[in-house]
Amino acid sequence: MRLTSAGMFLLLFSALQANVQEKEVRALVGSDVELSCVFPERHSFDLNDLYVYWQTSVVGTPKTVVTYYLSGNSSAGHEDNRYRDRARLSLESMKRGDFSLHLHNITPQDEQRFNCLVFRKSLELDKILDVVVTLHVAANYSMPVVRAPSGPSENEELTFTCTSVNGYPRPNVYWINRTDNSLLNETLQNNTVSLNAQGLYDVVSVLTIRRTPSVNVGCCIENVLLHQNLTTISTQAETVTGTEYGITESQADAPKKQGAVLSALIVLGVVVAVAVATGWVCRSRCPPQDPRRSWAARPEQTFSSTVSDENSPPGAWTGFL
């Protein structure tokens, strides 16, 4: 009997039982992936003796045909338009026992269980291979953008907003107290997670905390599947400007510091003026010194020889010349 459609073929093997191999694969959105389904022993197969069938396998939902190959066909077919031109079987690889599915341009909707079934016509449609591959899909979130309160406010509470988009799967959101790196209570935050047109997640988290003299918080977006944590730091204090890494000087204290600097400059100017005036008075009242006296006052460092005077008593010195 010749099978002409995947639907008829499904009716024939739906009741058959076999040992199922379980595998897991991860792929990024937009990438290509291979779902492995390989016969465990080295063996050559005749394509005219094979029925290869890939379908989705989700408990509680109807099975969807991804692609299939029926004995006697020259190429694989499709029944679900979502996989047309995206799912491919290699006929040359199948001759060597490799029935892997090549899936292109991964989307979030591809995250599900895929079932590979291989039958041989010569064995009265005996199932020779049954593999289930679970595909996990992931996408990197954008770096969180944190908006902090701007300018002084009389409110008793501060509100921070954290935004990150185009990620997958659904994220975990944490707010961190950067003072001691502790996690802030989840009751202080309100998260809104939604799917966008690309089937990816956008998240907006609003943190509301009591005003304190200084606040240094961080927003962390965690992608569990990628083992990824993206953190942006934001600082805010009462009338304080913040940077990404720490708190700068208080705007309220800036005028005080400017006044102190100005006072110091005035005092320094007065001291310099007094010193200049004192030097001018001293020069005007003190007479100039005689250079010869100044020279005479310098001690001589040259020794002269001693000369004996005939009129001098023996042993007397005339002195230094």
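Above this text sits the structure in question.
Position numbers for residues start from 1 in each chain and track the written sequence from start to end. Only residues with pLDDT of 70 or above have their local features reported here, since the model is predicted, and side-chain atom pairs are shown and tallied only from 80 upward, although totals for entire chains, interfaces and linings are computed over all residues. The basis for every side-chain value is the complete set of heavy atoms in the structure, and neither hydrogens nor water enter the calculation.

A. How the structure looks around the state of the cysteines. Whenever a pair of cysteine sulfur atoms sits within 2.5 Å, that pair is classed as a disulfide. In this structure the tally under the stated criterion is two disulfides. One disulfide in the model links Cys162 with Cys219; its S-S distance is 2.0 Å. Here the S-S torsion is close to -80°, and the disulfide linking Cys162 with Cys219 is therefore left-handed. Taken together, the residues Cys162 in strand β10 (residues 157-167) and Cys219 in strand β15 (residues 214-223) connect sequence positions 57 residues apart. Like Cys219, Cys162 is buried. Looking at the protein, its bonded cysteines, counted consecutively from the start of the sequence, adopt the pairing 1-2, 3-4. Of all cysteine sulfurs in the structure, the one in Cys219 sits closest to Cys220, which takes part in no disulfide; the separation is 7.4 Å. Given the relative accessible area of 6%, Cys220 is considered buried. Numbering of helices and strands starts at the N terminus; helices are DSSP runs of H or I of at least 4 residues and strands are runs of E of at least 2. Classification of residues uses two cut-offs on accessible area relative to the type maximum, computed with a 1.4 Å probe and protein chains only: under 20% is buried, over 50% is exposed, and between them is partly exposed.

B. Representation of the sheet that holds β10 in the model. Any two strands with at least two DSSP bridges between them are considered paired. Strand order in the open sheet formed by four strands is β9-β10-β14-β13, and the pairing between neighbours is antiparallel. Pairing within the sheet leaves two strands with one partner each, and these edge strands are β9 (145-147) and β13 (189-195). In this sheet, neighbouring strand axes are inclined to one another by 15° on average, regardless of whether the strands run parallel or antiparallel. Inspection of the sheet shows β9 paired to β10 by three bridges, in the antiparallel sense. Note on β10: the bridge partner recorded for Val145 is Thr163. Fitted lines through C-alpha atoms give the axes, limited to the stretch in contact for helices. The angle between two N-to-C directions lies from 0 to 180 degrees.

C. Examining unusual backbone geometry more closely. Following Tyr168, the chain continues into Pro169 via a peptide bond in cis, with omega recorded as 0°. By secondary structure assignment, the location of Pro169 is in the loop between β10 and β11 (172-177). In this model, Asn105 sits at a positive phi of 50°, which is unusual for a non-glycine residue. Phi is positive for Asn166, which is not a glycine, with a value near 60°. Assignment of secondary structure puts Asn166 in strand β10.

D. Region of interest: the sheet that holds strand β2 (residues 33-35). A sheet is described by the order of its strands in space; here three strands give the open sequence β2-β6-β5, paired in antiparallel fashion. Of all strands in the sheet, those bounded by a partner on one side alone are β2 and β5 (87-88). Where β2 meets strand β6 (residues 101-103), three bridges bridge the pair, whose relative direction is antiparallel. Considered in β6, the bridge of Leu35 is made with Leu101.

E. Spatial organisation of the pattern of salt bridges. The term salt bridge refers to a pairing of a side-chain nitrogen on Lys or Arg with a carboxyl oxygen on Asp or Glu at a separation within 4 Å. Counted under the stated rule, the structure contains five salt bridges. Put simply, Glu92 and Lys95 hold a salt bridge, and the shortest N to O gap is 3.3 Å. Of the two residues, Glu92 and Lys95 both sit in helix α2 (residues 91-95), three residues apart, roughly one turn of that helix. Judged by its relative accessible area of 47%, Glu92 falls in the partly exposed class. The exposure class assigned to Lys95 is partly exposed, which follows from its relative accessible area of 34%.

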